[in-house]
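Topology and contacts: notes
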Amino acid sequence: MSKRIAIVEDEAELAALLDYNLRRAGYETRTMGGAGGVLKSLEEFKPDLVVLDVMLPEVDGFEVCRKIRQSAALGRIPVLFLTARADEVDRVLGLEIGGDDYMTKPFSPRELVARVKAHLRREEMDAEPAVLDIGPFRLDRNARRVMHGERELSLTSTEFNLLEFFLTHRGHAYSRDQLLDSVWGAQHYVTPRTVDVHVRRLREQIEEQADNPKHLTTVRGFGYRFEEGD
Ligand code: CA
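In this report, we go over the structure that sits alongside the text. Worth saying up front: this structure is predicted, and the values here are computed from it rather than measured. (Residues numbered from 1 in each chain as written. Predicted model: local features only at pLDDT ≥ 70, side-chain atom pairs only at ≥ 80, totals over all residues. Heavy atoms only, no water.)

Regarding the side chain of Arg69
Inclusion rule: Per the convention used, a helix needs a DSSP run of H or I reaching at least four residues, while a strand needs a run of E reaching at least two, with both numbered from the N terminus. Two N or O atoms form a polar contact when they lie within 3.5 Å of each other; inside protein one atom must be a possible hydrogen donor and the other a possible acceptor, and for residues adjacent in sequence the pair counts only when both atoms belong to side chains.
Secondary-structure assignment places Arg69 in helix H3 (residues 61–70). A polar contact is formed between the side chain of Arg69 and the side chain of Asp100, at a distance of 2.8 Å.

Here it is in structure tokens:
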């Protein structure tokens, strides 16, 4: 599931350049010009990181960051400021504002993408263990490998993400739409039927009998549930 990056920048050319480079790096992006309602747009988009220009036309980037820090929905997401002046840097990183990093214009988009990656990696490592040892499964997030007992599973990227989701959300029933939202994110070309196809393939890998599953069971008229089994 790709991470989401919000780009709050009123210079259309720069916003487009950042958008292009971050998308190419595999992120889902949304650009916001920084006119009114930035916070609402951010809460709607739920980004994993915000690239935030200091000088915006209607609001001050500092003010936006302060509101992000106060927002329950956005919480502690990393904020990477874009500044035009070196003397803004102290304020950006000060306790009062709570930015995580900054780049002084002009900067190379490649450097920005590298910083974004580093911040997201740090967040991930803080939040989740690299290896999940659950029942017969051992999933290594960094290596993106899964062992089932002594056997290594051969999973596509989506199957890996789906199994990772189930391993971390055991015992609950999820509808196909909930699975689409959580695992596929905002890819518009997938349908609930896509979930069934991937569940079937995953079962072939993780179940002794794919048509009589022990781990990944069908919840009739609703969706699927995962149990770690024994
Ligand atoms: Ca600006």
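Quick notes on the packing of aromatic side chains
We apply this condition: Ring pairs shown here join Phe, Tyr and Trp side chains whose ring centres sit within 6.5 Å, with only the six-membered ring taken for Trp; geometry is labelled stacked below 30 degrees between planes, edge-to-face above 60, and tilted in between. Per-residue accessibility, obtained with a 1.4 Å probe over protein chains only, is compared with the maximum for each type, and a residue is labelled buried under 20%, exposed over 50%, and partly exposed between these values.
Across all of its chains, the model carries 5 aromatic pairs by this definition. Centroid distance Phe165 to Tyr174: 4.9 Å. Interplanar angle 70 degrees. Geometry classified as edge-to-face. Accessibility expressed as a relative area gives 10% for Phe165, which makes it buried. Here Phe166 and Phe226 contribute two aromatic rings whose centre-to-centre distance is 5.9 Å and whose plane-to-plane angle is 20 degrees, an arrangement assigned as stacked. Remark: Phe226 occurs in strand E12 (residues 223–226) and Phe166 occurs in helix H6 (residues 157–168); sequence separation between them is 60 residues. Accessibility classification places Phe166 together with Phe226 in one group, the buried group. Pairwise contacts between aromatic rings join Phe137, Phe165, Phe166, Tyr174 and Phe226 into one cluster.

Structural notes on the coordination of the calcium ion
Put simply, the test is: Only nitrogen, oxygen and sulfur atoms within 2.8 Å of the metal, or 3.2 Å for Na, K and Ca, are treated as donors, and water is left out, so sites may look incomplete.
The coordination sphere of the calcium ion, as far as protein atoms go, consists of Asp10 (OD), Asp53 (OD) and Met55 (O), spread over 2.1 to 2.4 Å. Sequence spacing of the donor residues for the calcium ion, all on one chain, is D-x42-D-x1-M. Of this pair, Asp10 sits in the loop between strand E1 (4–8) and helix H1 (12–24) while Met55 sits in the loop between strand E3 (49–53) and H3, placing them 45 residues apart in sequence.

Remarks on the packing of H6 against helix H8 (residues 192–206)
Put simply, the test is: Angular values range over 0 to 180 degrees, each being the angle between N-to-C directions of two axes fitted as lines to C-alpha atoms, with helices fitted over their stretch in contact. Comment on the angle field: the value is read as roughly parallel under 35 degrees, roughly antiparallel over 145, roughly perpendicular from 65 to 115, and oblique elsewhere. Contacts are residue-level and defined by heavy atoms, with any inter-residue pair within 4.5 Å sufficient. Residues are grouped as follows: nonpolar covers Ala, Val, Leu, Ile, Met, Phe, Trp, Tyr, Cys and Pro; charged covers Asp, Glu, Lys and Arg; every other residue, Gly included, is treated as polar.
Following both chains from N to C, one finds H6 and H8 inclined at 80 degrees, their axes separated by 10 Å at the closest point. It follows from the interaxial angle that H6 and H8 lie roughly perpendicular. Residues Thr158, Glu159, Leu162, Leu163 and Phe166 of H6 touch H8, and the partners they reach there are His198, Val199, Arg201, Leu202 and Ile206. By residue class, the composition of the contact of H6 with H8 is 6 nonpolar, 2 polar and 2 charged.

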